[in-house]
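Read off the chains here:
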Amino acid sequence: MRREAAFHRVALAVLALVVPGFGARADEAFVTEQVGDGVSVLDLDRGEVAARIPLGGRPAGVAVSPDGATVYVTSTEGKFVSLIDARERRVRASIAIPDTPIGVAAAPDGRFIYVTGFFEPFVYKIDVETLSIVAKGRVGASPSGVAVTPDGRLLAVAARDDDALVLIDAASLNLLATIPVGKHPFGVTIDAEGARAYAANVESDDVSVVDLKAKAKVGQAPAGKRPYVVALAGGRGFVTNQYEGTVSAFDLSTFAFAGKVAVGDYPEGLQASADGKLLYAVDWESNDVSVIDAEKLVVVRKIPVGDGPRAFGLFLRRTP
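Conventions used here
Residues numbered from 1 in each chain as written. Predicted model: local features only at pLDDT ≥ 70, side-chain atom pairs only at ≥ 80, totals over all residues. Heavy atoms only, no water. Core = buried A, V, L, I, M, F, W, Y, C linked by side-chain atoms within 4.5 Å. Buried < 20%, exposed > 50% of the residue type's maximum accessible area, 1.4 Å probe, protein only. Helix = DSSP H or I, 4+ residues; strand = E, 2+ residues; numbered from the N terminus. Contact = heavy atoms within 4.5 Å. Pairing = 2+ DSSP bridges. Axes fitted to C-alpha atoms, helices over the stretch in contact; angles between N-to-C directions. Lys, Arg positive; Asp, Glu negative; His and termini not counted. Salt bridge = Lys/Arg side-chain N within 4 Å of Asp/Glu carboxyl O. Polar contact = N/O pair within 3.5 Å; in protein donor to acceptor, adjacent residues only side chain to side chain.

**Quick look at the nonpolar core**
- L42, V71, V289 and F315 are the most contacted members of the largest nonpolar core, which totals 26 residues.
- Of all elements in the fold, only strand 1 (28-33), strand 2 (38-43), strand 3 (48-54), strand 4 (59-64), strand 5 (70-75), strand 25 (278-283) and strand 26 (288-293) reach the threshold of two or more residues within this core.
- In this structure V71 touches F30, V62, A63, V64, S82, L83, I84 and A86, once residues within four positions along its chain are discounted.
- Of all hydrophobic cores here, the second largest spans 22 residues; its members include A233, V247, L270 and I292.

Encoded structure:
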């Protein structure tokens, strides 16, 4: 049965991000648990929870620093971002956000993070050394998912209530383009080449494909009921479909439907290993993570976690 929390009724969704380079697999997953008020750290080799970090404030969004040392987590009701020491499994700092923070993405150089505030039309640029907001940029109504190009120059933000994907200069936070997409985009993914962005549209049940150089929508791919996050692997896109309890696939060249697999109840977060062999789908209502063979589209393992897992963003980390 779906939870009817107020924030959930407004918009609960996931940011899909490109997984930066780690080997054939990720060693750990940092899974935010909105109901459980913490983060579970998963040992992906053993398929079990290795540690749990209490946070408070209903955590949802997550990103990992490029060096893997720090995990950034947004707390939607607490209105803060936590900086977690990934090795020591402890919170080392928190930063207040003047809104309800949801999406978070880390710059490739590790100096900044970008956080969306859901009820104000802004994305916030945070210096992780000074632990301060250094700028904010206007992006439109109900900003949610945010992703950064591999060169760190461009941000793509889903403006949910404007039905648009907004492109912003990462240095200045100046708005570059507002591109109409499907209805109520939430999760945003940028490919490894920095060429295209993919927006999961939760109310039109599809994925919009945007050419970042042309600043235009170039395609539309099918999805299941209420898609939230897109992951990319092996020439295909993969989408979590909350109301179906599935992950569906589409071809990145033709945008045609390419298969579907049943996972847990109400899947939200989704990320692929760098080699594209595995997908990790975070199942909110069944409190587990489904590990999927990306080529065969079959679930090969379930990993139990805490209550209300979301993992909205980049949640995989390679250990030394």
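Read on for the rest.
**Looking at unusual backbone geometry**
- Backbone geometry places D37, a non-glycine residue, at a positive phi of 60 degrees.
- Tracing the backbone through its elements, the reader meets D37 in the loop between strand 1 and strand 2.
- If you check the backbone angles, D163 has positive phi at about 50 degrees while not being a glycine.
- Residue placement: D163 occurs in the loop between strand 13 (154-159) and strand 14 (164-169).

**Observations concerning the sheet that holds strand 17 (residues 196-201)**
- Strand order across the open sheet formed by four strands is 16-17-18-19, with antiparallel pairing between neighbours. Whereas interior strands pair on both sides, the edge strands pair on one side only; in this sheet they are strand 16 (185-190) and strand 19 (216-222). Strand after strand, the sheet turns through a mean of 25 degrees between neighbouring axes, direction not considered.
- Relative to strand 19, strand 18 (residues 206-211) runs antiparallel, the two sharing six bridges. In the strand pairing of strand 19, V209 is matched with G219.

**Describing the pairing of strand 5**
- Burial runs high along strand 5: six of the six residues are buried.
- Residues T70, Y72 and T74 of strand 5 are buried on one face, and the alternating residues V71, V73 and S75, pointing to the opposite face, are buried as well.
- The pairing of strand 4 with strand 5 spans four bridges and is antiparallel. Counted as the bridge partner of P59 is S75 from strand 5.

**Topic: the side chain of D283**
- Along the chain, the position of D283 falls in strand 25.
- At 4.5 Å, K302 is the nearest oppositely charged side chain to D283, a buried residue that forms no salt bridge.
- Of the polar contacts made by the side chain of D283, one reaches the backbone nitrogen of G264; its length is 3.2 Å.
- Separated by 2.7 Å, the side chains of D283 and S290 make a polar contact.
- Beyond its immediate sequence surroundings of up to four residues, D283 is in contact with V263, G264, D265, Y266, P267, D288, V289, S290, K302 and P309.

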